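Working through the structure, step by step
Residue-level listing of the chains:
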Amino acid sequence: MARYVISDHHFGHANIIEYCDRPFSSVGEMNTTLLDRHYETVEAEDVLVHLGDVAMDMQDGSETVEYFERLDGDILLRGNHDVGLEPDSAPFPVLDSCILEHGDYRFYCAHRPEDIPEDWDEWALHGHHHNNDTDTYPFVACDERRVNVSSELLRFRPIRLETVVNLLDECPPESRFRDVEKARAWMQANS
């Protein structure tokens, strides 16, 4: 069993394709690709912690529930586009934040990095900022002890928490990687 994290799928959200320059020609193609990449990556016995914005679901939460169940998700940290979902009525845990631990690392997890407590001095996992400001919110910002797991930065695939920890173990304290591809290239060049 492995633990995976990701945020900001935005299933069914047509405007996200242009807003984040996603490489899809339609919502249908995007939804299919997001699901395919998930199924290629995550096994049934694995745990998925989704850091919010499963779908563009501002109404009643039904789309969030539908897609989260299709992902066989385990914990949802509610994002700003999941607001239609009432935590008490969801068939899975819906939280505002949580702490994940792996090895010597503790991660405060929340959809928006602005919601991480100011006194938190360990690592943070977040989403929300997609790929729109990777100078401020790259995939990995070692200097700020922050990891942005927005789907665009992960090539639309959940990432194992163990993989994140292995990367953090290897990279210098000032490292910043725009996306998972830049981080993998650095790892290959320095191994």
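The text that follows walks through the structure, step by step, so that each part is easy to find. Every chain begins its residue count from 1, and numbering advances along the sequence as written. At least 70 in pLDDT is required for a residue's local features to be given in this predicted model, at least 80 for side-chain atom pairs to be given and counted, and no such filter applies to totals for whole chains, interfaces and linings, which use all residues. Side-chain numbers come from the whole structure's heavy atoms, not from hydrogens or water.

1. A word on the overall build of the protein
By the criteria applied, helices consist of DSSP H or I runs no shorter than four residues and strands consist of E runs no shorter than two, each listed in order from the N terminus. Scanning the protein from N- to C-terminus turns up 5 helices and 11 strands. Over its C-alpha trace the protein gives a radius of gyration of 16 Å, about what one expects of a compact globule, namely 16 Å for 191 residues. In terms of overall dimensions, the protein has a C-alpha envelope of 45 × 35 × 30 Å along the principal axes. Remark: exposure states derive from per-residue accessible area (1.4 Å probe, protein chains only) relative to the maximum for the residue type, with buried under 20%, exposed over 50%, and partly exposed in between. The buried share of the protein, reckoned over its 191 residues, is 52%. Contacts are assigned to residue pairs with any non-hydrogen atoms lying within 4.5 Å of each other. The contacts of the protein with a sequence gap of at least 6 include a subset with a gap of at least 24, amounting to 55%. Carbon and sulfur atoms form 42% of the exposed surface of the protein, whose accessible area is close to 9,200 Å². Across the protein, the centroid of the 16 positively charged side chains sits 5 Å from that of the 40 negatively charged ones. Using C-alpha atoms as the atom set, the radius of gyration is obtained and then compared with a globule rule of 2.2 Å times the number of residues to the power 0.38. Here the open area of atoms and residues is found with the Shrake-Rupley method and a 1.4 Å probe, where only the protein chains shown may cover a residue. Only four residue types enter the charge count, namely Lys and Arg as positive and Asp and Glu as negative; His and the chain termini do not. A single reference atom marks each charge: NZ on Lys, CZ on Arg, CG on Asp, CD on Glu.

2. Comments concerning the packing of aromatic side chains
Given two aromatic rings, their pairing is described by the distance between the two centres and the angle made by the two planes. Here the aromatic set is Phe, Tyr and Trp, taking the six-membered ring for Trp, and pairing holds for ring centres within 6.5 Å; pairs whose planes are under 30 degrees apart are stacked, those over 60 apart are edge-to-face, and all others are tilted. In total, this model carries 7 aromatic pairs according to the counting rule given. Note on F68 and F92: the rings are 4.4 Å apart at their centroids and 55 degrees apart in plane angle, and the pair reads as tilted. Of this pair, F68 sits in helix α3 (residues 62–70) while F92 sits in the loop between β3 (75–77) and β4 (94–95), and the two are 24 residues apart along the sequence. Given a relative accessible area of 8%, F92 falls into the buried group. Taken together, the ring pairs in this structure connect Y105, F107 and W123 into an aromatic cluster.

3. Some words on the pairing of strand β2 (residues 47–50)
Taking every second residue as pointing to the same face, both faces of β2 are buried, with V47 and V49 on one and L48 and H50 on the other. Two strands qualify as a pair provided DSSP detects at least 2 bridges between them. Across 4 bridges, strand β1 (residues 3–6) lies against β2 in parallel orientation. Residue pairing across strands places R3 opposite V47, the latter belonging to β2. Bridge analysis of β2 against β3 gives 2 bridges, and the strand direction is parallel. Looking at β3, one finds that H50 is bridged to L76. Crossovers are described as right-handed under a simple rule: with the strands pointing away from the observer, the path leading from the first strand over the helix to the second runs clockwise. Tracing the backbone out of β2, into α3 and back to the parallel element β3 gives a crossover that is right-handed.

4. Here we look at the sheet that holds strand β6 (residues 105–110)
On the basis of which strands lie adjacent, the open sheet formed by 6 strands has the order β5-β6-β7-β9-β8-β11 and mixed pairing. Edge positions in the sheet fall to β5 (97–102) and β11 (176–177), since each of these pairs with one other strand and no more. With 3 bridges connecting them, strand β7 (residues 123–126) and strand β9 (residues 146–148) associate as parallel partners. Among the inter-strand pairings, L125 is bridged to a residue of β9, identified as V147. Each of β5, β6, β7, β8 (140–141), β9 and β11 touches helix α4 (residues 161–170); the most contacted strand, β6, lies at about 120 degrees to it. Comment: axis = line fitted to C-alpha atoms, over the contacting stretch for helices; angle = value between 0 and 180 degrees taken between N-to-C directions.

5. Some remarks on the side chain of D179
Summarising the element assignment, D179 is placed in the loop between β11 and α5 (180–189). Counting of polar contacts relies on pairs of N or O atoms within 3.5 Å, with two restrictions inside protein: one atom must be capable of donating a hydrogen and the other of accepting it, and residues adjacent in sequence are counted only when both atoms are side-chain atoms. Side-chain polar atoms of D179 contact the backbone nitrogen of E181, separated by 3.1 Å. If sequence neighbours within four positions are ignored, D179 has contacts with F139 and L153.

6. With respect to the pattern of salt bridges
Salt bridge criterion: a side-chain nitrogen from Lys or Arg within 4 Å of a carboxyl oxygen from Asp or Glu. By the definition in use, this model includes 13 salt bridges. Residue E40 pairs with R157 through a salt bridge whose shortest N-O separation is 2.9 Å. In this pair, E40 sits in helix α2 (residues 27–41) while R157 sits in the loop between β9 and β10 (159–160), placing the two residues 117 residues apart along the sequence. Taking the relative accessible area as the measure of exposure, R157 reaches 30% and is therefore partly exposed. With a shortest N-O distance of 3.4 Å, R106 and E101 are connected by a salt bridge.

7. Concerning the nonpolar core
We define a nonpolar core as any set of buried Ala, Val, Leu, Ile, Met, Phe, Trp, Tyr and Cys residues linked to one another through side-chain atoms lying within 4.5 Å. Counting residues in each nonpolar core, the largest one holds 54 residues, and the members touching the most others are F107, L125, F139, V147 and L168. If you tally residues by element for this core, the top one is α4, at 5 residues. Filtering out sequence-adjacent residues up to four positions away, L125 remains in contact with V5, L51, L100, F107, Y108, C109, A110, V147, V149 and L161. Residues Y108, I116, W120 and A124 belong to the second largest nonpolar core, which totals 5 residues.

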